[in-house]
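Structural description and commentary
Take a look at the letters that make up each chain.
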Amino acid sequence: MIQLPPRLSAVARHVPAGQTFADIGTDHAYLPAHLVAAGHVPRAVAGDILPGPLAAARATVDAAGLADRIDLRLGPGLSVLAPGEAACVAVCGMGGPLIARILEEGPLAGVRRLVLQPMGGEAPLRRWLAANGWKLVAEEIVEDGGRLYPVLVAEPGEMALSRAEEEVGPLLLRQGGPLVRRHVAEKLAMARRALEGAQRSDRPAARARAAELAGLVRLLAEAAQRLGEAPGGGHPGASAETIGHV
């Protein structure tokens, strides 16, 4: 059995059993190989835009004896899939805006669940989901190697988000907990550093950016205070590090 790091284990937990799965930007194909070898999914498609990572994926799949159940495909984004081919799609290890662009380019026909693990830039990704008929059904913060990673799970549905919910996550704000508080604190510290840098510049674009960042700092500071004041660091009844249904 292929052992996954905590970040990918969290993604795997949200993949529905018994349905064809696709991993876009698969790199070494650890995630699909783990799911297929465990019998969690019957087959998988592993796609990557670069030949090098796809060769690494092929080595993983061949070593696990799964070549007959994992299709390796070279190509950009979801273009490696036929419409309706996969019920669940994962896109992991990329910036939120890039993940949103991959989803925008599609095809998403027949996809009933998205499991997304952005490396920053979650707000534009959440905005894209809300604007394109996807609703967050679970959110999770995972610690892996000392770093925090968000995992977003979406299914077709309506969703409206406030600015705070775009930045932090509607379900994470309800959930609270130590990792969520730390996640918000890290985002706040990053926004403050960016604001300090923008305030040192005399360029008009920097002044406009400073005003935008000042608003973000206020928003995140309010979210941090809200999470710190709630019982247990979140809303009553929400004590786990993940919320939503699988």
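Here, the structure is the one placed above.
No experiment lies behind these values; they were computed from the predicted model shown.

Notes on the pattern of salt bridges
- Considering all chains together, one arrives at 15 salt bridges under this definition.
- Taking the shortest distance from any N to any O, the salt bridge between Glu-85 and Arg-73 comes out at 2.7 Å. Of this pair, Glu-85 sits in the loop between strand S3 (70–74) and strand S4 (88–94) while Arg-73 sits in strand S3, and the two are 12 residues apart along the sequence.
- Among the ionic pairs, Arg-113 bridges to Glu-155, the shortest N-O distance being 2.6 Å. A residue pair is termed long-range when its members are at least 10 positions apart, and Arg-113 in strand S5 (residues 113–118) and Glu-155 in strand S7 (residues 147–156) qualify at 42 residues.
- Each of Glu-122, Arg-127, Arg-163, Glu-166, Glu-167 and Lys-187 takes part in salt bridges that share partners, so that together they form one network.

Section: the pairing of S4
- Among the seven residues in S4, six count as buried, and that is most of the element.
- Alignment of strand S1 (residues 21–24) against S4, held across four bridges, turns out to be parallel. Its bridge partner lying in S4, Ile-24 is registered against Val-91.
- Strand direction decides the pairing type here: S4 and S5, joined by six bridges, are parallel. The residue bridging Met-94 from the neighbouring strand is Pro-118, located in S5.

Parameters at a glance
Residues numbered from 1 in each chain as written. Predicted model: local features only at pLDDT ≥ 70, side-chain atom pairs only at ≥ 80, totals over all residues. Heavy atoms only, no water. Salt bridge = Lys/Arg side-chain N within 4 Å of Asp/Glu carboxyl O. Helix = DSSP H or I, 4+ residues; strand = E, 2+ residues; numbered from the N terminus. Buried < 20%, exposed > 50% of the residue type's maximum accessible area, 1.4 Å probe, protein only. Pairing = 2+ DSSP bridges.

Keep in mind these numbers describe shape, not what the thing actually does.
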